Amino acid sequence: RIPPHTHRPRSRSRVTRSSVRPPTPAPVHQFVSSARRSGEMVAASASASLARCVAHKTSASGSAKSAFAGKPVAPARAAASRARRAGVTTRAVVTPPQTHDNARPDTTLRPVSAAAVDSSKALEQFRSMGGASRYASEAKSSIVSIGLSIHTCPVEVREKMAVPEDKWEEAVAELCSYPHVEEAGILSTCNRMEIYVVALSWHRGVREVEEWMSKYSGIPLAELREHLFLLRDQDATSHLLKVSGGLDSVVMGEGQILAQVKNVFALGENVDGFGRHLSGLFKAAITAGKRVRSETSIASGAVSVSSAAAELVQMKLPGGNFDGCRVMIVGAGTMSRLLVKHLVSKRCMEMTIVNRSAPRVEELQADFPEANIKLALMDEFLPMAAEHDVIFTAASTGVIITKADLAAMVAANASVGGQRRLVDIAVPRNVDADCAEDENTIVYNVDDLKELVELNKDKRERAADEARELLAQEQAAFEAWRDSLETVPTIKRLRGKAENIRAAELEKAVAKLGDGLTKKQMKAVEELSRGIVNKLLHGPMQALRSDGTDPSQVSQTLVNMHALETMFDLKNQNAPTRGRK
C-alpha cells in the first residue's frame, strides 16, 4: 500500500503487495518539478504542510529530517510565484490510499460489529445499512382488497356477487382453501361487495380471488374484470377506513355502513379464516368510523330530499321537535319510506300514511314497528288532512290539494303556531301553487329543500377534511400494530433454537454422568438448564416485543429483530407454521 501523502510514480503499472517498499519522503524541489511537468503547480505552503505530514507518518523520522535538511524552499516559492503570474491554479494533490486491487472496500457493507466499536455506533451503522427497511423488502403477506362498488359496477352485476349472512362463513372457507390466501373477509351490502384477503403472494392471491368470484357469480372473468377495483396493503387498509367513516358512501357520512362493518367483524369472530390481521383491520375500521362521527360533523345535516324535508320541518316548528304534532304522509313509495325512516330517527312516532292501496302501507308498518303508523286510503285524504298539522306529499297523482281545499279546513293546532305545513316533495307537484297564498298555511317545495341539501353538503365536505386526518391517525396505528406482528416468527425461532441447544447439551451431560443421578437431582439439573436459557433470552425477547402503539418503537423493534436474526442465524431455520387465528 502506498501511503496517502507520498508522491506517486508516473508509471501506471499495477502496484502489487510484493512491490510496496517502506516509504521515503520526496524532497520538495522534486515534488514541484514533477507537478510542473504535469501542469499542476503546488504552492509552497501546501508542500511544506505535506512534507510535515509525511515526516510525521514515516517511521524513519530521522531520515525525513535529513531529506529536507539544507534544501532551500526558495525555488519552490519562485515556481509558485511564476505559476500565479501565468494564471495557473495551484492545488495540493492528495491521492487516496489504494489496496492491492485498487479498490477500497465499502464499509457500509461490512458487518455491524466490524463497522463500529460501541453499541450506539453499531446501531447507527445498522440503520444506515437499511436496518428494518431491508427486512421490509423481504417477502411477506399482503392485505388485498378486490371487489365491486356502486361507483364502478351496475346493480345487475353486484346482485349476482352478493353474499348473504347465511353463506358468509362458507364463502370465507372457500377463499381460504386456495393455496395463497391465508385469511378472508367479505363486506357485502346493497352498494358494494368487497373481499379482503391476506395473501402470501399478492398477485397469485388476486388471481385466486378472481377465480372464486367468477365461479360464485357465474359471470365470465373477462366481463367481471371490467368492473373490479383492486387495492393492496396501505391502499387497501385506507379504503376500508374511508368506507367505515362514510367517506366512500353515496351520501357522505351516512351511518348504516358502520353498522355493516361491525356486522362483518361479528360474523368473523368464530371463523378460522377471519384471522388476526383482518380482525385487527376491521377493529381499526370500527374505531375510525366511531371517531369520525363523534369528533366531526360529517353525519349532521340532511343531504337527501327526504331527510331535508324532515329536518326543515323540525327546524321550523316552534318547539324544534315533533311533540304534539299530527303528521301525515301521502304516498307509500321509496320517498315515503325514506321519509318515515328520517321521521322516526327524529322521534316522530305518530303518523298517518295515505295511499291508493293498503299493502305498501302495511309493509311500512311491519318494517317500522316502533312507530304508530295509521293507514288511510286516498278517498279519505281531504277530511283526514284537515285533522293534521304537517302534511308531506310524495304521490304520483298530480295536484291533490288547492287553496280552496285549505280554506274549508280548520286551523292547525296551537302547538305548531296555528299554521299548517305542507311539504311537497313530489314531481310533478301535489300541492297547487296558490296554496302558498293561504294565510294559515306554509308551503315548502323541492326547490326549497335543495337549497338546504346543498348547504349541508358543503358542511359535510369541510367535515370530511377533518375526518381524513383522523383516518390517517388510525391507519398509522394499525400499520404500526401490524408491523409489530412481524417479530412473532423471530421470537418462535429464537425460542426454538435455544430449546434445541439446551435439550442437546443436557442430553450430553446426562450421558456423561451415567445412572448416578436420582430423579430429584435430574429434575434440578433440567430446571437449572431451563433457568439459564430463560435468563439469557429475557433481554432479546424484551427487545422483540412491542404493542404497536408507538411507530418509532415498532421501527426500533424491527431493527432489533433483524440484528438478532443475523446474530443467531435464525433466517436459515424453518419458519414456524402460520396460524390463521
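Our subject is the structure listed above.
Right, let's walk through the structure included here. (Residues numbered from 1 in each chain as written. Predicted model: local features only at pLDDT ≥ 70, side-chain atom pairs only at ≥ 80, totals over all residues. Heavy atoms only, no water.)

Turning our eyes to something else, we now look at the sheet that holds strand 1 (residues 142-149). Ordered by their spatial adjacency, 4 strands build an open sheet running 2-3-1-4, and the pairing between neighbours is antiparallel. Looking along the sheet, the strands with just one partner apiece sit at the ends: strand 2 (181-188) and strand 4 (229-232). The mean angle between the axes of side-by-side strands here comes to 15°, regardless of whether they run parallel or antiparallel. (Pairing = 2+ DSSP bridges. Helix = DSSP H or I, 4+ residues; strand = E, 2+ residues; numbered from the N terminus. Axes fitted to C-alpha atoms, helices over the stretch in contact; angles between N-to-C directions.)

Another aspect to go through is the sheet that holds strand 9 (residues 420-424). Read from one edge to the other, the open sheet built from 6 strands follows the order 7-6-5-8-9-10, with strand pairing classed as parallel. On the outer flanks of this sheet lie strand 7 (372-377) and strand 10 (441-444), each paired with one strand and no other. Within this sheet the neighbouring strands show an average axis-to-axis angle of 20°, counted without direction. For strand 6 (residues 350-355) and strand 7, the ladder comprises 6 bridges, and the chain directions are parallel. Each residue of the ladder has a partner; that of M351, found in strand 7, is I373. Relative to the sheet, helix 15 (residues 305-316) contacts strand 8 (390-393), strand 9 and strand 10, its axis offset from that of strand 8 by approximately 160°. (Contact = heavy atoms within 4.5 Å.)

What follows concerns helix 14 (residues 276-295). Think of an α-helix as 3.6 residues a turn; residues three or four steps apart then line up on the same face. Counted at 1.5 Å a residue, the expected span for helix 14 with its 20 residues is 28 Å, and the 28 Å between its end C-alpha atoms agrees. Helix 14 sits mainly inside the fold: 14 of its 20 residues count as buried. (Expected span 1.5 Å × (residues − 1). Buried < 20%, exposed > 50% of the residue type's maximum accessible area, 1.4 Å probe, protein only.)

What follows is about the packing of aromatic side chains. Taken as a whole and assessed by the stated rule, the structure comprises 4 aromatic pairs. With centroids separated by 5.7 Å and ring planes inclined at 85°, the aromatic side chains of Y196 and F282 adopt a geometry described as edge-to-face. Within this pair, whereas Y196 is found in strand 3 (residues 192-199), its partner F282 is found in helix 14, the two being separated by 86 residues in sequence. Joined through ring pairs, the aromatic side chains of W168, Y196, F274 and F282 make up one cluster. (Phe/Tyr/Trp six-rings, centres within 6.5 Å; stacked < 30°, edge-to-face > 60°.)

Moving on, we get to the side chain of S142. If you trace the backbone, S142 turns up in strand 1. Only 3.5 Å separates the side chain of S142 from the side chain of D233, close enough to count as a polar contact. Ignoring any residue separated from it by four or fewer positions in sequence, one finds S142 in contact with V197, V198, A199, W202, R232, D233 and R482. (Polar contact = N/O pair within 3.5 Å; in protein donor to acceptor, adjacent residues only side chain to side chain.)

Looking at where R429 falls in the secondary structure, it is placed in the loop between strand 9 and strand 10. Sequence separation between R429 and V446 is 17 residues; the distance between their C-alpha atoms is 8.9 Å. Other than its neighbours up to four places away in sequence, R429 contacts G398, V399 and D424.

Examined against the element boundaries, E439 turns out to sit in the loop between strand 9 and strand 10. Along the backbone, E439 and Q419 are 20 residues apart, and their C-alpha atoms lie at a distance of 8.0 Å.

Let us now look at the packing of helix 12 (residues 234-245) against helix 14. At a minimum axis distance of 8 Å, the contact between helix 12 and helix 14 shows a crossing angle of 40°. Classed by the angle they form, the pair helix 12 and helix 14 counts as oblique. Read as a crossing pair, helix 12 and helix 14 show a hand that is right-handed. Of helix 14, the residues touching helix 12 (which contributes T237, L240, L241, S244 and G245) are L281, F282, A284, A285, I286, A288, G289, V292 and R293. A class-by-class count of the residues in the contact of helix 12 with helix 14 yields 9 nonpolar, 4 polar and 1 charged. (Parallel < 35°, antiparallel > 145°, perpendicular 65-115°, else oblique. Left-handed = near helix turned anticlockwise from the far one by under 90°. Nonpolar A, V, L, I, M, F, W, Y, C, P; charged D, E, K, R; others polar.)

As a further point, take the pattern of salt bridges. Counted by the stated rule, this structure contains 14 salt bridges. A salt bridge links D233 to R232, with the shortest nitrogen-to-oxygen separation between them at 3.3 Å. E505 serves as the salt-bridge partner of K508, at 3.5 Å between the closest nitrogen and oxygen. In this pair, K508 and E505 are both assigned in helix 21 (residues 487-513), 3 residues apart and thus about one turn of the helix distant. With a relative accessible area of 43%, E505 lands in the partly exposed category. One network of salt bridges, in which partners are shared, links E499, R502, E526 and R530. (Salt bridge = Lys/Arg side-chain N within 4 Å of Asp/Glu carboxyl O.)

Considering the arrangement of structural elements, one finds A472 in helix 20 (residues 446-484). For the pair A472 and S238, spaced 234 residues apart in the sequence, the C-alpha separation amounts to 7.9 Å.

Time to look at unusual backbone geometry. Positive phi values are uncommon outside glycine, yet D233 reaches one of about 55°. With respect to the helices and strands, D233 occurs in the loop between strand 4 and helix 12.

This brings us to a negative patch on the surface. Where like charges cluster on the molecular surface, the negative patch consists of E165, D166, E170 and E174. Residue classification places D166 among the exposed residues on the basis of a relative accessible area of 67%. (Patch = residues over 30% accessible without salt bridge, like charges linked within 9 Å, V, L, I, M, F, W, Y side chains within 5 Å. Areas by Shrake-Rupley, 256 points an atom, 1.4 Å probe, with all protein chains shown as cover. Lys, Arg positive; Asp, Glu negative; His and termini not counted. Charge placed at Lys NZ, Arg CZ, Asp CG, Glu CD.)

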